[in-house]
Amino acid sequence: MTARLSDWFNKRGWAALIIWLPYIWLVVFFLIPFVIVLGMSFATRTSTAPPFGFGGEDPILNLESYQRLFSDTLYIRAYLTSVGNAVVATVFCLLIGYPMALGLTRVSSTWRTILLMLVILPFWTSFLLRVYAWMGLMGTNSWFNRLLTDIWNALTPEAWEIAHVTMMNTNFAVVLVMVYSYLPFMILPLYANLERLDPALDEAAMDLGSRPLRVFWDVTLPQSIPGIIAGGMLVFIPACGELIIPSLVGDASSPMIGRVISDEFTSSRDWPMASAVAVALLVLLVVPLMVYSYFESRANAVKATKGAP
Amino acid sequence: MNRRPLFLIGMLCFGFAFFYIPILSMILFSFNDSRLATVWGGFSTKWYAELFRNDKVIEAALLSLRIALISATFATILGTMTGIAMARFRRFKGRTLLSGLVTAPLVMPEVITGIASLMLFILMAQWLGWPAQRGFTTITLAHITFSMVFVTTVVHSRMIQADVSIEEAAVDLGSKPWQVLRDITLPVISPAIFSGWLLAFTISIDDVVISNFVTGPGNTTLPILIWSKVKLGVTPDINALATITVVIVGIGVIIAGTLLQRAEKRRLRDERMAYRDNL
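Residues numbered from 1 in each chain as written. Chains lettered and ligands numbered in written order. Predicted model: local features only at pLDDT ≥ 70, side-chain atom pairs only at ≥ 80, totals over all residues. Heavy atoms only, no water.

(A) Representation of the overall build of chain A in the model. Summing up its helical and strand segments, chain A has 14 helices and 2 strands in all. Relative to the 2.2 N^0.38 estimate, which gives 19 Å for 309 residues, the radius of gyration of chain A is 25 Å and therefore markedly larger than a compact globule would have. Counting only C-alpha atoms, chain A reaches 80 × 75 × 35 Å along its principal axes. Taken across its 309 residues, chain A has 49% of its residues classed as buried. Considering only residue pairs separated by 6 or more positions, chain A has 71% of its internal contacts joining residues 24 or more positions apart. Of the roughly 14900 Å² of accessible surface on chain A, 67% is carried by carbon and sulfur atoms. Side chains of chain A carry 18 positive and 20 negative charges; the gap between the two charge centres is 11 Å. (Helix = DSSP H or I, 4+ residues; strand = E, 2+ residues; numbered from the N terminus. Rg over C-alpha atoms; globule rule 2.2 N^0.38 Å. Buried < 20%, exposed > 50% of the residue type's maximum accessible area, 1.4 Å probe, protein only. Contact = heavy atoms within 4.5 Å. Areas by Shrake-Rupley, 256 points an atom, 1.4 Å probe, with all protein chains shown as cover. Lys, Arg positive; Asp, Glu negative; His and termini not counted. Charge placed at Lys NZ, Arg CZ, Asp CG, Glu CD.)

Okay, structure coming up:
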């Protein structure tokens, strides 16, 4: 069916234009830069401008930067910090986002429209300013910090009294702001998944005498696994490479990998090292990416069959 | 399910409080008289006045707006073409590579896209002599590239849900390709194109990491300006700037959302009427 249409388009040369113009654009401005990164990771740092060269003992496959990746503990620690923060942020997004998504499927349709709009709205406001909003809350003089301090002092024995809660420039701050920034990425795919589930299954389980928690565990949760994976990957992947959040609220002594890449590139002007770290980050992300695209293509296939009349 | 899901309602309340308390607090403190950005010292609008007197801020905002308008428009054209190609041409050489190129920028860490694009521009300048200076051109090129794939995603998912048989009927009845495109395909996907443009626009105007890498001296977009100020700490004038942004975006999204919803309703009604007329 579609083949006929595209054949006909092809005859007139329209297809060539529609396909190749954006294709060439993406190759030039997206693919080639990555080939450059890959090539750069095998280069040697020099003091020329631009600061790289191919030469030395092994000009073709110079593994110097990759060797440093394993010998200098800075890089390994940065990877562990990144993965650790990203995992914790993903788990908290799931713990907060899942009940919210499930809640959205249980409210009236008017409320649902309003609340979905409210989930999407922060998406459209500046990412940078959302991080900034938390900087205002976490500072030692802020009302939020004083509130937390007062609650802590009221609940705990006097010996544990604190003057303020140290939040800024810690890994806790990084995780908190990441959960805040990426929560919509978790809620939206989960909601899309949960909304499609057949409520009759829940009702059948209830009629057969299951308790609500049991219904959730045996019926709802297993069916929502594709949504959990999609949401989890959408949080985990950007969280691993995050640069803005750790730079603004993170602990400078245990940097995340995004910051290491940026620092190597700009402060140290070490292009080969920055590229090697970037390649290693991509390798780290390949597995979650493949899991994600597998589920995504399955979801698209479902959409395509549903779209057909 | 006749039991009220109290736990779920509670989590929704908690979640929305979590979403909006930081933003509301930021808005409140933009009206703070005190220089200390987090301690209340009385109501004042002086930070807004200061903001509008600040030429650097105005200049940066105009540059951001110019880049966003141009890059969103080009990204929409290129992204729509890719979306149509992916949805309607099932077999062509290099289709697998193209689908990879369309997905990769969506998930690529910005810092990697940033250094990759900067290296490309520096090497191009050295070997081809263009772009001679980094700034408006390089930021716009980078923004087109990474926002066009978002347009593609939106358009593509609309197209695979649309009914191909209408296009095929038009072909069978002797329409030329541009007529099919103009009279059928584009009207059907126009809400998707519109939301794609909006998405590309906000991605561009919001971007700080990639812009920061590919820009040159003297070309400061608004996010780069905010980024360099925020790194030094919380200041009341940034609160004011943030409030203005949030209000403009909020109003814009609500208007756009209402328009899109209305267009969608009208389309559904038209479709229903068309079916009824044909019965």
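This is not the end of the story, as more comes after the structure.
(B) Spatial organisation of a nonpolar patch on the surface. All names here are of chain B. Together, Phe52, Ile58, Leu62, Leu65, Leu69, Ile70, Phe74 and Ile77 give the surface a local cluster of nonpolar side chains, amounting to about 720 Å² of exposed area. Per-element tally for the nonpolar patch: the top contributor is helix α3 (residues 55–88), with 7 residues. Position of Leu65 relative to the elements: it lies in helix α3. (Patch = residues over 30% accessible without salt bridge, like charges linked within 9 Å, V, L, I, M, F, W, Y side chains within 5 Å. Salt bridge = Lys/Arg side-chain N within 4 Å of Asp/Glu carboxyl O.)

(C) Region of the structure containing the interface of chain A and chain B. With 100 residues of chain A at the contact, the number on the chain B side is 100 residues. Regarding the contact of chain A and chain B, the summed buried area is about 9100 Å², with carbon and sulfur atoms giving 83% of it. Here chain A is connected to chain B by 0 salt bridges. Connecting chain A to chain B are 8 residue pairs in polar contact (both at pLDDT 80 or more). Of the residues forming the side of chain A that touches chain B, the biggest block, 22 residues, is contributed by helix α2 (residues 14–40) of chain A. (Buried area = accessible area lost by both parts, 1.4 Å probe. Polar contact = N/O pair within 3.5 Å; in protein donor to acceptor, adjacent residues only side chain to side chain.)

(D) Up close: helix α4 (residues 73–106) of chain A. When the terminal C-alpha atoms of α4(A) are compared, their 49 Å separation across 34 residues agrees well with the 50 Å that a helix rising 1.5 Å per residue should span. N-capping of α4(A) is provided by A:Asp72, with a side-chain oxygen placed 3.1 Å from the backbone N of A:Leu74. (Expected span 1.5 Å × (residues − 1).)

(E) Structural context of empty space enclosed by the protein. Taken as a whole and judged by the stated rule, the model has 6 cavities of 30 Å³ or more. Forming the boundary of the second largest cavity are A:Phe29, A:Phe30, B:Thr113, B:Ser117, B:Leu120, B:Phe121, B:Leu141, B:Ala142, B:Thr145, B:Phe146 and B:Ile210. Those elements giving two or more residues to the lining of the second largest cavity turn out to be α2 of chain A together with α5 (110–127) and α6 (136–159) of chain B. Here the residues of the lining of the second largest cavity are counted per class, giving 8 nonpolar, 3 polar and no charged. (1 Å grid on protein atoms, 1.4 Å probe; cavity = no way out; pocket = protein on both sides within 12 Å on 5 of 7 lines; lining within 4 Å. Points joined across faces, edges and corners; volume = space filled by probe spheres on them. Nonpolar A, V, L, I, M, F, W, Y, C, P; charged D, E, K, R; others polar.)

(F) How the structure looks around the pattern of salt bridges. On inspection of all chains with the given rule, the structure shows 7 salt bridges over all chains. Between A:Asp218 and A:Arg214 there is a salt bridge; the shortest N-O distance is 3.1 Å. Highlighted residues: A:Asp218 and A:Arg214, both in helix α10 (residues 212–223), separated by 4 residues, approximately one helical turn. Overall, the relative accessible area of 42% leaves A:Asp218 in the partly exposed class. With a shortest N-O distance of 2.8 Å, B:Lys229 and B:Asp237 are connected by a salt bridge. The exposure class of B:Asp237 is buried, given its relative accessible area of 12%.

(G) Fine view of the packing of aromatic side chains. The final tally for this structure, using the stated rule, is 25 aromatic pairs over all chains. Between the aromatic rings of A:Tyr98 and A:Phe216, the centroid separation amounts to 5.6 Å while the plane-to-plane angle is 85°, which identifies the pairing as edge-to-face. With A:Tyr98 in helix α4 and A:Phe216 in helix α10, the pair connects residues that are 118 residues apart, well separated along the chain. Here A:Tyr98 falls in the buried class, since its relative accessible area comes to 6%. Looking at A:Phe216, the relative accessible area reads 23%, which means it is partly exposed. Centre to centre, the rings of A:Trp134 and A:Tyr180 are 5.7 Å apart; their planes meet at 80°, and the pair counts as edge-to-face. Taken together, the residues span a long stretch of sequence, with A:Trp134 in helix α6 (residues 127–138) and A:Tyr180 in helix α8 (residues 171–196) at a distance of 46 residues. The pair A:Trp134 / A:Tyr180 is uniform in exposure class, with both members buried. Here the guanidinium or amino end of B:Arg66 rests over the ring plane of B:Phe136, the centre of that ring lying 4.9 Å away. (Phe/Tyr/Trp six-rings, centres within 6.5 Å; stacked < 30°, edge-to-face > 60°. Lys NZ or Arg CZ within 6 Å of the ring centre and 35° of its normal.)

(H) Structural context of the nonpolar core. Formed by 170 residues in total, the largest nonpolar core has its most connected members in A:Trp134, A:Ile244, A:Leu248, A:Val249, A:Ile261 and A:Val277. If you tally residues by element for this core, the top one is α8(A), at 15 residues. (Core = buried A, V, L, I, M, F, W, Y, C linked by side-chain atoms within 4.5 Å.)

(I) Broad picture of a positive patch on the surface. Residue and element names in this part refer to chain B. Taken together, the side chains of Arg262, Lys265, Arg266, Arg269, Arg272 and Arg276 present a region of like positive charge at the surface. Mapped onto the elements of the fold, Arg272 is located in helix α11 (residues 236–278). Given a relative accessible area of 57%, Arg272 falls into the exposed group.

(J) Focus on the environment of B:Phe213. Mapped onto the fold, B:Phe213 is located in helix α9 (residues 209–214). Considered as a pair, B:Phe213 and B:Val111 are 102 residues apart in the sequence and their alpha carbons are 8.4 Å apart. Setting aside chain neighbours within four positions, we find B:Phe213 in contact with A:Leu243, A:Ser262, A:Phe265, A:Thr266, B:Val111, B:Gly114, B:Ile115 and B:Leu118.

(K) View of the side chain of B:Ser34. Structurally, B:Ser34 is set in the loop between α1 (6–29) and α2 (46–53). If we ignore the near neighbours within four places in the chain, the residues touching B:Ser34 are B:Val39, B:Gly41, B:Trp47 and B:Pro236.

Distances and angles like these do not, on their own, reveal function.
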